[in-house]
Amino acid sequence: MDFQDQIDFHTKSAAGLTLPDHFDAVLIIDPQAEYARRNGVFCRGNHETELIATQIKTLTPIFREAGLPVYTAYYGAKYRPQQGTHRPYEVDFYGYKYDPADTLIHKEDNSAFNGTDLKQILERKKHQNILVLGFNTSACVTDTVIDGQKLGFQCWVMTDGIGDDNEHNGDLRKHGMQQMAEVGAQFLLCQNALTRLALSTERIKALLPAPLCLSDTQIQEDQRARAMQHMAGWQR
């Protein structure tokens, strides 16, 4: 399964899909340079992840404007013992731009629910329908969504808002998409979410002028990069 297959997965799974009256919050998973930037030291992003990072950069301010709380889960680098948290400017955020109104969730596992207080925060604020986007489809997105569903939340995965870096191949992506579907996660396109947020057709077209897609050359380059990454044996 490649990126276009991931988008097509939405078409099949969304047949007869009824959107909720409203979304309660947005969860952005690991919007960091290590996973999204295509060129850089210790970065394993590709054309796909760059595309998704741009999507996140475009949409996050719109979600805030619509009144949706933004939760951002991330792997942190430096620790500040006296406050038990990380400084936002020390995290390698990419595409996503931190806002003081956002809630940061530092995690040390694939799932944003494992070892964090995300569940308690969502329950306390009565947030049920959660929009999900970020990285990586095959790992942190899948594990977070599965846990979220099992904990009683309804996850709405934006299929053109999630992506895989060079460490993850198409088989892992396909398996992850199937796993999320099996536990009841729902899939939609970013355009669907914006429509539910009552954005006008004209504004949606201005924000998302065309469906996300990669050229054949970009797909081939990403495939070669993933093969090289696999041969290098990078694992996390």
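Preceding block: the structure.
Residues numbered from 1 in each chain as written. Predicted model: local features only at pLDDT ≥ 70, side-chain atom pairs only at ≥ 80, totals over all residues. Heavy atoms only, no water.

K.L.:
Explain the overall build of the chain here, please?
P.N.:
On a plain count of helices and strands, the chain comes out with nine helices and six strands. In the chain, which comprises 236 residues, the proportion classed as buried is 49%. Within the chain, counting contacts between residues at least 6 apart in sequence, those at least 24 apart form 80% of the total. Counting every atom, the chain has about 11,500 Å² of accessible surface; 49% of that belongs to carbon and sulfur. (Helix = DSSP H or I, 4+ residues; strand = E, 2+ residues; numbered from the N terminus. Buried < 20%, exposed > 50% of the residue type's maximum accessible area, 1.4 Å probe, protein only. Contact = heavy atoms within 4.5 Å. Areas by Shrake-Rupley, 256 points an atom, 1.4 Å probe, with all protein chains shown as cover.)

K.L.:
I keep staring at the environment of Met158 and nothing clicks. Help me out?
P.N.:
With respect to the helices and strands, Met158 occurs in strand 5 (residues 154-163). Between the alpha carbons of Met158 and Val132 there is a distance of 6.1 Å; along the sequence they are 26 residues apart. Setting aside residues up to four positions removed in sequence, Met158 forms contacts with Leu59, Phe63, Leu131, Val132, Leu133, Leu188, Cys190 and Ala193.

K.L.:
Would you mind going over the pattern of salt bridges with me for this structure?
P.N.:
Note on pairing: side chains with opposite charge can pair once their charged atoms come close. Applying the stated criterion across every chain yields a total of seven salt bridges. Each member of the salt-bridge network shares a partner with another, and the members are Glu34, Arg44 and Asp165. (Salt bridge = Lys/Arg side-chain N within 4 Å of Asp/Glu carboxyl O.)

K.L.:
What am I meant to see in the environment of Leu118 here?
P.N.:
Position of Leu118 relative to the elements: it lies in helix 4 (residues 118-124). Between the C-alpha atom of Leu118 and that of Gly148, which follows or precedes it by 30 residues, the distance is 9.6 Å. Residues in contact with Leu118, not counting those within four places in the same chain, are Leu27, Tyr71, Ile105, Ala112 and Phe113.

K.L.:
Help me out: how do you make sense of unusual backbone geometry in this one?
P.N.:
Most peptide bonds take the trans configuration, and most residues that are not glycine carry a negative phi. Residue Asn136 is reached from Phe135 by a cis peptide bond, and omega for that bond is -20°. Counting through the fold element by element, Asn136 comes out in the loop between strand 4 (129-135) and helix 5 (137-150). Residue Asp30 is not a glycine yet carries a positive backbone phi of 50°. Judged by its relative accessible area of 1%, Asp30 is buried. Look at Ala198: it is not a glycine, yet its phi comes out positive at around 70°. On the secondary structure map, Ala198 appears in the loop between helix 7 (190-196) and helix 8 (201-207).

K.L.:
Which parts of the structure should I look at to understand the nonpolar core?
P.N.:
If you look at soluble globular proteins, the nonpolar side chains tend to sit buried side by side. Within the largest apolar cluster, 59 residues are counted, with the highest numbers of intra-cluster contacts made by Phe63, Leu118, Leu131, Val145, Met158, Met180 and Leu194. Broken down by element, the residue count for this core peaks at six residues, all from helix 3 (residues 47-65). Apart from residues no more than four positions distant in its own chain, Leu131 is found in contact with Phe23, Ala25, Val26, Leu27, Phe63, Leu68, Trp156, Met158, Leu188 and Ala193. (Core = buried A, V, L, I, M, F, W, Y, C linked by side-chain atoms within 4.5 Å.)

K.L.:
Is there a simple way to explain the pairing of strand 1 (residues 25-29) in this structure?
P.N.:
On any regular strand, side chains alternate: one points to one face of the sheet, the next to the other face. In terms of residue burial, strand 1 counts as a mostly covered element, since five of its five residues are buried. Of the two faces of strand 1, both are covered, the one formed by Ala25, Leu27 and Ile29 as well as the one formed by Val26 and Ile28. Judged from the five bridges that link them, strand 1 and strand 4 form a sheet pairing that is parallel. Its bridge partner being in strand 4, Ile28 is matched across the sheet by Leu133. By the bridge criterion, four bridges tie strand 1 to strand 2 (residues 70-75) in an arrangement that is parallel. Bridged to Val26 within strand 2 is Val70. (Pairing = 2+ DSSP bridges.)

K.L.:
Just to check I follow, could you spell out helix 5 for this structure?
P.N.:
An α-helical turn contains 3.6 residues, so a residue and the one three or four places further along point in the same direction. Taking 1.5 Å per residue, 14 residues should reach 20 Å; helix 5 reaches 18 Å between its end C-alpha atoms and fits that length. Listing the buried residues of helix 5 in full gives Thr137, Ser138, Ala139, Cys140, Val141, Thr142, Thr144, Val145, Ile146, Gly148 and Gln149. Residue Gly152 follows helix 5 closely and has a positive phi angle near 105°. (Expected span 1.5 Å × (residues − 1).)

K.L.:
Looking at this structure, I do not really get the sheet that holds strand 3 (residues 103-107). What am I missing?
P.N.:
Working definition: the strands of a sheet are paired by backbone hydrogen bonds and lie parallel or antiparallel to each other. Ordered in space as 3-2-1-4-5-6, the six strands form an open sheet in which the pairing is parallel. For this open sheet the edge positions go to strand 3 and strand 6 (186-188), each flanked by a neighbour on one side alone. On average, each strand axis in the sheet is tilted by 25° relative to the strand beside it, whichever way the strands run. Sheet analysis places strand 5 next to strand 6, joined by three bridges and oriented parallel. (Axes fitted to C-alpha atoms, helices over the stretch in contact; angles between N-to-C directions.)

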